[in-house]
Amino acid sequence: MDKVIVITGASRGIGAASARLAAEQGYRICINYHADDQAAERILAEVRERGAEAIAVRADASVEDEVIQLFQRVDHELGPVTALVNNAGTIGPQSRLEDMSEFRLLNLMRTNVVGPMLCAKHALLRMSRRHGGQGGAIVNVSSLAARLGSPAEYVDYAASKGALDTFTIGLAKEVAGEGVRVNGVRPGYIHTGFHALSGDAERVHKLEAGLPMGRGGQPEEVAEAILWLLSDKASYSTGSFIELGGGR
Ligand code: NAD
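Named according to an unreviewed UniProt entry, the protein chain is SDR family oxidoreductase originating from Pseudomonas shirazensis. Here is the UniProt Sequence similarities (unreviewed entry) comment for the protein chain, exactly as written: "Belongs to the short-chain dehydrogenases/reductases (SDR) family."

See the structure below:
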């Protein structure tokens, strides 16, 4: 079966590392990105240099119309999707719940929970044997925050990843008999631009000495777990999680 992967939010960080690794593993690749055309073009060039057929598609992965158009482009230009990485995610400035606005909470849940559900829906309409597909795999990028709760920092973000984990467990069971596996990864502190969104770009550097392994993780280390869960080597894994937290 030809391998066609859609990675949301893939113009940088863990998504970009996953795209580079997917290129080395023979996937045709859709690099979804939200806004940064130049960053997406750079990653597109990098995966093509590795010999992969690839497209970059600008779309807000939490808006269904845009998700529909994204998967239609994939159908036409790469073939039916066989692998989905729900990687796009966001976080707000560190604060206590009393200081979080309704706007912030709804935005966060839309991006981190509704978006992955919509992308999984449109991937399943192509992958699931129930819909005439040939099977496939989905990996949801969660966080260690889902089990730690992130008090006084971002309980909203932690709760969104908890919801994503519950979705992973439920959907895995829902489609297990239809040739589709659904798993999650839970990264800890990873060196990416993500932390600037929470107001502290140096967060990983500041905290890594206190981690059991004494260092933060690299996006490539998360990508390895994602690509393994998508691969046939993980053929009996569904509804499960790999934690990449350096022992945290
Ligand atoms: P990142 O900020 O580099 O990447 C996230 C990407 O998602 C960005 O390119 C952003 O533009 C994109 N994105 C956000 N909303 C989007 C939308 N609606 N549609 C399309 N794209 C959108 O950060 P990262 O560290 O690579 O994060 C990737 C995932 O890993 C996220 O889900 C994040 O929650 C999770 N994570 C990261 C860490 C960490 O320490 N970096 C830890 C745990 C979990």
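*Asks:* What am I meant to see in the overall build of the protein chain here?
*Replies:* Broken down by element type, the protein chain carries eight helices and seven strands. The C-alpha atoms of the protein chain give a radius of gyration of 17 Å, which matches the 18 Å a tight globule of 248 residues would have. Along the longest, intermediate and shortest principal axes, the C-alpha atoms of the protein chain span 45 × 40 × 35 Å. Each of the 248 residues in the protein chain was classed as buried or not, and the buried ones make up 52%. Sequence separation of 24 or more characterises 73% of the internal contacts of the protein chain that already satisfy a separation of 6 or more. Just so you have it, the protein chain exposes about 11,300 Å², and 51% of that area is on carbon and sulfur atoms. In the protein chain, 26 positive and 30 negative side-chain charges are present, and the distance between their average locations comes to 4 Å.

*Asks:* Hey, could you run me through unusual backbone geometry in this one?
*Replies:* A negative phi angle is the norm for most residues apart from glycine, just as the trans form is the norm for most peptide bonds. The backbone phi angle of Ser150 is positive, close to 50°, even though this residue is not glycine. Given the relative accessible area of 8%, Ser150 is considered buried. At Ala152, a position not held by glycine, the phi torsion is positive, near 60°. Considering the arrangement of structural elements, one finds Ala152 in the loop between α5 (145–148) and α6 (155–175).

*Asks:* Just to check I follow, could you spell out the nonpolar core for this structure?
*Replies:* For soluble globular proteins, nonpolar side chains are generally found buried alongside one another. With 35 residues, the main nonpolar core has Ile5, Ile29, Ile31, Ile226 and Leu230 as its most contacted residues. Every element with two or more residues in this core is listed here: β1 (4–7), α1 (13–24), β2 (28–33), α2 (37–49), β3 (54–58), β4 (83–86), β5 (136–141) and α8 (219–230). For Leu230, the contacting residues outside a window of four places in its chain are Ile5, Tyr27, Ala83, Leu84, Val85, Ala137, Ile138, Val139 and Arg181. One finds Val4, Cys30, Ala123 and Val180 within the second-largest nonpolar core, a separate group that totals 27 residues.

*Asks:* Just checking my understanding: could you explain the site of the ligand for this structure?
*Replies:* In the neighbourhood of the ligand, 27 residues make up the surrounding shell, with Arg12, Ile14, Asn87, Tyr157 and Thr192 lying closest. Tyr157 is positioned such that a nitrogen or oxygen atom in its side chain is 2.6 Å from an oxygen atom of the ligand. Within the contact set of the ligand, an oxygen atom lies 2.9 Å away from a side-chain nitrogen or oxygen of His195. For the ligand, the protein covers 93% of the area, taking 820 Å² as the surface of the free molecule. Taken together, the elements giving at least two residues each to the shell around the ligand come down to α1 and α6. Of the residues belonging to the shell around the ligand, the class tally is 10 nonpolar, 14 polar and three charged.

Conventions we followed
Each chain carries its own residue numbering, running from 1 in the written order of its sequence. The predicted nature of this model means local features are confined to residues of pLDDT at least 70 and side-chain atom pairs, given and counted, to a pLDDT of 80 or more, with totals for whole chains, interfaces and linings taken over all residues. Only hydrogens and water are set aside; all other atoms, that is, all heavy atoms of the structure, feed into the side-chain values. UniProt positions are given in the numbering used here, feature names are shortened, and annotations may be inferred rather than shown by experiment. Counting from the N terminus, the helices are the DSSP runs of H or I reaching at least four residues and the strands are the DSSP runs of E reaching at least two. Only C-alpha atoms enter the radius of gyration, while the globule expectation follows 2.2 Å times N to the 0.38, with N the number of residues. Each residue's exposure class comes from its accessible area (1.4 Å probe, protein chains only) as a fraction of the maximum for that residue type: buried when under 20%, exposed when over 50%, partly exposed otherwise. Contacts: residue pairs with any heavy atoms within 4.5 Å of one another. Here, Shrake-Rupley sampling with a 1.4 Å probe gives the accessible areas, and only protein chains in the shown set may cover a residue. This count recognises Lys and Arg as positive and Asp and Glu as negative, with His and chain-terminal groups excluded. Every charge is mapped onto a representative atom, which is NZ of Lys, CZ of Arg, CG of Asp or CD of Glu. Only buried Ala, Val, Leu, Ile, Met, Phe, Trp, Tyr and Cys residues count toward a nonpolar core, and they belong to the same one when joined by side-chain atoms within 4.5 Å. For this purpose, a residue is taken to be near a molecule or strand whenever a single non-hydrogen atom of the residue falls within 4 Å of it. Each polar contact in these results corresponds to two N or O atoms within 3.5 Å; when the atoms are within protein, one needs to be able to donate a hydrogen and the other to accept it, and residues that are neighboring in sequence are counted only if both atoms are side-chain atoms. Residues are grouped as follows: Ala, Val, Leu, Ile, Met, Phe, Trp, Tyr, Cys and Pro are nonpolar; Asp, Glu, Lys and Arg are charged; all remaining types, including Gly, are polar.

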